[in-house]
Amino acid sequence: MARVFMKGTEAIAEAAVRTGCRFFAGYPITPQNEIPEYFSRRLPEVGGVFVQGESEVASVSMVYGAASGGTRSMTSSSSPGISLKSEGISYCAAARIPMVYVNVSRGGPGVGSIQPAQMDYLQATKASGNGGFRMRVFAPASVQEAVDMTYKAFDVADQYRRPVLILIDGVVGTMMEPVELPPMKSDEEVAAMKEAKKAWTLTGHKLDYAHRAWIQPGNWSTKVMQSDSEEDAALYKSWQKEAEAEEFMLDDAEVVLTGYGISARIGKSAVKILRAEGIKAGLIRAKTVYPFPYEAYDHINYKKVKGILDIEMSIPALFVEDVQVAVKDRAPISTCLCSGGNIMTREAVLTAARKIMEAK
Amino acid sequence: MELIYSRTKTIQEDKVSGFCPGCMHGTVMKLIGEVIDELGIIEKTACVLGIGCCGLQMDYMAYDNATAPHGRACAVATGLKRTNPDTLVFTYQGDGDLASIGLAETMSAANRGENITVIFINNGIYGMTGGQMAPTTLVGMKASTAPFGRNAKDHGYPMHMCEILNQLTAPAYLVRTSCNNPQNVMKTKNAIKKAFKNQLEGKGFSMVEIVTSCPTNWGLDPLKCLDYIEEKMLPEYPLGVIRDR
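Everything numeric in this text was worked out from a predicted model, so none of it was measured.

Participant: It is not clear to me how the overall build of chain B should be interpreted in this structure. Could you clarify?
Facilitator: Helix and strand counts for chain B stand at nine helices and seven strands. Taken over the C-alpha trace, chain B has a radius of gyration of 17 Å; the compact-globule value for 245 residues is 18 Å, and the two agree within 12%. With the C-alpha coordinates of chain B rotated into their principal frame, the extents come out at 50 × 50 × 30 Å. Looking at chain B as a whole, 57% of its 245 residues qualify as buried. At a minimum sequence separation of 6, the contacts of chain B that also span at least 24 residues come to 69%. Summing over all exposed atoms, chain B offers an accessible surface of approximately 9600 Å²; the carbon and sulfur share of this is 54%. Averaging the locations of the 23 positively and 24 negatively charged side chains of chain B gives two centres separated by 4 Å.

This is how it looks when you write it as structure tokens:
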């Protein structure tokens, strides 16, 4: 497969089509409009369906319906729109409906700004809707990673019958990079994936009361609700082993930069410069933010490290709360932050890292 | 002996509906079941349920079903039907669900001409939550959130969903029926059958609005509810075919 030059949002849409996504519903909001626009011309080419919903609320409900019928389905939005989608996401989590959605996050709260930010971390990882459910959340830092993670996200969604979130920011969403696209699944493969779900999907069943499809985003029985919650809790716990992180020059690091998405990528470029200056810097980049890669922070050499630097495009810092849990007071943690749509600069990261090394 | 009547197979055996005495949901469920039996479509039928009393059927009807978020049934049905065009997809919604919180979803699905069927139960009140005012509550009718009766100055007027949707170009079939007497029950059954057939023939959006009662929250016994429908509800919500194309 030859490399192509693509924008993050469009590459995500193409990756979704290639892994068998055949339904997309969405509503316009900046900076993610290229996703629905791409799907609107691409899905008809492969026998799929695009619907521009009347709202984010309706769009995610359409995805709930399409995925309840067995079709790999997707929606996308940006921060305030994701809040509106939380109703449908919670229903999908409760009813065990596999679907994938993308948050191209922007500055917040409220309508915020349309520029890139990472201010939806808590919403993405702790409470994407009512009811205490958890989701697998991928946080790519490049267009290639966004493609690979989207391709994988549909498999993860189907495997666990749960919603999966691709969390990016306006930088990863709108920048163009060379990317290798994954293989296109054949029509036969796509049909087989749908057929494999037939037992529980709303496609009609024999007049056999025991085996009808019953999509339930809740239950009248409190006993059933509790046992479902216990099953969910066990599932979430089992995901921990699938946490992913990039560890870069960590072995002898005296200052460890950490973050996710574009901030961490900027941090990685800072590490290279710091190393050239003779400063032993390293990096932990969370590739999944739920489950959080706590274990990666055990690989820090705490005898040598002087400090951890949390890099986030969010004020107040949010990701740092998980870093604190992971570091367990073994090293001091400081932050390098920007907010409201301002993009992290490498210079700010370098300054903050040098400051840690200069401190006695 | 000749068997001239039996329970519809589309209602599960040995199940209890859970509806209040005198509630017409059970009547409508029976009609839907009979239509599905007569059309022989049980193996290709899926229902999207609204939130409220209309969702009580989930446990005892025999067809595939999903519960939509409150008001979103037409959106859920859109996603399901577009990706499974051979499945008969219908929504079953109350007035709070369809005409208040789901107004955008209802209007937009109708405007797109989605090839789905909407069964709309209009009893002028929120049932399951305990009798609050609905968009369809009559002026003067008491509700738990309008204890002195709906007044037009503060609450506006009842919404006529068939007539509102009739402003749109796309819908194929809009009809209002009731279940307040045997004749109207038969008309309701015929309307449901026509609406399902429309979908099977690919004609697009059909809605059957059924004027019913809520003895519990109206505070009337079931028989008096029938009079109330005749004397109060039907003058506000005249029965008949509003659109058929």
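Participant: When you look at the nonpolar core in this model, what are you seeing that I'm missing?
Facilitator: Nonpolar side chains tend toward joint burial in soluble globular proteins. Counting 140 residues, the largest nonpolar core has A:F39, A:M74, A:L257, A:Y297 and B:M207 as the members making the most contacts within it. It is helix α6 (residues 143-160) of chain A that contributes the most residues to this core, nine residues altogether. Residue-level mapping places this core at the junction of two domains, with at least three residues from each of domain 1 (3-195) and domain 2 (244-358) of chain A.

Participant: Help me understand the packing of aromatic side chains in this model?
Facilitator: Aromatic ring pairs are reported here in terms of the distance separating the ring centres and the angle at which the planes meet. Residues and elements named next belong to chain A. Counting across every chain of the model gives 15 aromatic pairs over all chains. With a centroid separation of 5.3 Å and an interplanar angle of 45 degrees, the aromatic rings of Y121 and Y260 are classed as tilted. Here Y121, found in helix α5 (residues 121-125), pairs with Y260, found in strand β11 (residues 255-260); they are 139 residues apart in sequence, far enough to count as distant. Relative accessible area serves as the criterion here: at 0%, Y121 is assigned to the buried category. Geometrically, the ring pair formed by Y160 and W239 is edge-to-face, given 5.5 Å between the ring centres and 70 degrees between the ring planes.

Participant: Quick question: what am I supposed to make of the layout of surface pockets here?
Facilitator: One water molecule sets the probe size; rolling that probe over the atoms shows where empty space is left. Residues and elements named next belong to chain A. Here the largest pocket is characterised by a volume of approximately 670 Å³. Taken together, 27 residues make up the lining of the largest pocket; nearest its centre are A94, A95, Q216, G218 and D228. Every element with two or more residues in the lining of the largest pocket is listed here: α4 (79-95), β9 (214-215) and α9 (222-239). Per element, the largest residue contribution to the lining of the largest pocket is six residues, and it comes from α9.

Participant: What should I look at first to understand the domain arrangement of chain A in this one?
Facilitator: Frequently, the measure chosen for interface size is the accessible area removed from exposure when the parts meet. All names here are of chain A. Structurally, chain A comprises domain 1 (3-195) and domain 2 (244-358). For the pair domain 1 and domain 2, the summed buried area comes to about 2300 Å², and 55% of that belongs to carbon and sulfur atoms. For the domain 1 face of the interface with domain 2, the top three residues by lost area are Q118, M119 and Y121, together amounting to 31%. Where domain 1 packs against domain 2, one counts four salt bridges. Inspection of the region where domain 1 meets domain 2 yields 13 residue pairs in polar contact (both at pLDDT 80 or more). Looking at the side of domain 1 that touches domain 2, the elements that each hand over two or more residues are α5, β6 (136-138), α6, β7 (163-169) and α7 (170-174). For the side of domain 1 that touches domain 2, a count of residues per class yields 16 nonpolar, six polar and seven charged.

Participant: When you look at the interface of chain A and chain B in this model, what are you seeing that I'm missing?
Facilitator: Of the residues lining the interface, 33 residues belong to chain A; the matching set on chain B comes to 39 residues. Carbon and sulfur atoms make up 59% of the surface buried where chain A meets chain B, a total of about 3000 Å² over both sides. Along the contact surface separating chain A from chain B lie two salt bridges. The closest approach of N and O atoms between B:R72 and A:E87, which form a salt bridge, is 2.7 Å. Our count for the chain A to chain B interface comes out at 18 residue pairs in polar contact (both at pLDDT 80 or more). Mapped by element, the contributors of at least two residues to the side of chain A that touches chain B are β3 (49-52), α3 (56-68), α4 and β9 of chain A. By residue class, the composition of the side of chain A that touches chain B is 18 nonpolar, 10 polar and five charged. Pairing geometry for β9(A) and strand β2 (residues 64-67) of chain B, over two bridges, is parallel. Bridge pairing in β2(B) places A:I215 opposite B:A66.

Participant: Could you clarify how one ought to interpret the environment of A:E295 in this entry?
Facilitator: As for its placement among the helices and strands, A:E295 is situated in the loop between β13 (288-290) and β14 (307-312). For the pair A:E295 and A:K280, spaced 15 residues apart in sequence, the C-alpha to C-alpha distance is 21 Å.

Participant: Just to check I follow, could you spell out the sheet that holds β6(A) for this structure?
Facilitator: Adjacent strands of a sheet form backbone hydrogen bonds with each other and so pair up, either parallel or antiparallel. Residues and elements named next belong to chain A. Across the sheet, which stays open at both edges, the seven strands sit in the order β3-β2-β4-β5-β7-β6-β13 with mixed pairing between neighbours. Whereas interior strands pair on both sides, the edge strands pair on one side only; in this sheet they are β3 and β13. Strand-to-strand, the axes of this sheet are offset by a mean angle of 20 degrees, without reference to chain direction. As paired elements, strand β2 (residues 23-26) and strand β4 (residues 73-77) share two bridges and run parallel to each other.

Participant: Can you help me understand the sheet that holds strand β10 (residues 245-248) of chain A in this one?
Facilitator: All names here are of chain A. Within the open sheet, the five strands sit side by side as β10-β12-β11-β14-β15. Their pairing is mixed. The outermost strands of the open sheet, each flanked by one partner alone, are β10 and β15 (333-337). Strand-to-strand, the axes of this sheet are offset by a mean angle of 20 degrees, without reference to chain direction. Summarising the sheet, β10 and strand β12 (residues 281-286) pair through four bridges and their orientation is antiparallel. Residue pairing across strands places A245 opposite A286, the latter belonging to β12.

What counts as what
Residues numbered from 1 in each chain as written. Chains lettered and ligands numbered in written order. Predicted model: local features only at pLDDT ≥ 70, side-chain atom pairs only at ≥ 80, totals over all residues. Heavy atoms only, no water. Helix = DSSP H or I, 4+ residues; strand = E, 2+ residues; numbered from the N terminus. Rg over C-alpha atoms; globule rule 2.2 N^0.38 Å. Buried < 20%, exposed > 50% of the residue type's maximum accessible area, 1.4 Å probe, protein only. Contact = heavy atoms within 4.5 Å. Areas by Shrake-Rupley, 256 points an atom, 1.4 Å probe, with all protein chains shown as cover. Lys, Arg positive; Asp, Glu negative; His and termini not counted. Charge placed at Lys NZ, Arg CZ, Asp CG, Glu CD. Core = buried A, V, L, I, M, F, W, Y, C linked by side-chain atoms within 4.5 Å. Domains from an automatic or database assignment. Phe/Tyr/Trp six-rings, centres within 6.5 Å; stacked < 30°, edge-to-face > 60°. 1 Å grid on protein atoms, 1.4 Å probe; cavity = no way out; pocket = protein on both sides within 12 Å on 5 of 7 lines; lining within 4 Å. Points joined across faces, edges and corners; volume = space filled by probe spheres on them. Buried area = accessible area lost by both parts, 1.4 Å probe. Salt bridge = Lys/Arg side-chain N within 4 Å of Asp/Glu carboxyl O. Polar contact = N/O pair within 3.5 Å; in protein donor to acceptor, adjacent residues only side chain to side chain. Nonpolar A, V, L, I, M, F, W, Y, C, P; charged D, E, K, R; others polar. Pairing = 2+ DSSP bridges. Axes fitted to C-alpha atoms, helices over the stretch in contact; angles between N-to-C directions.

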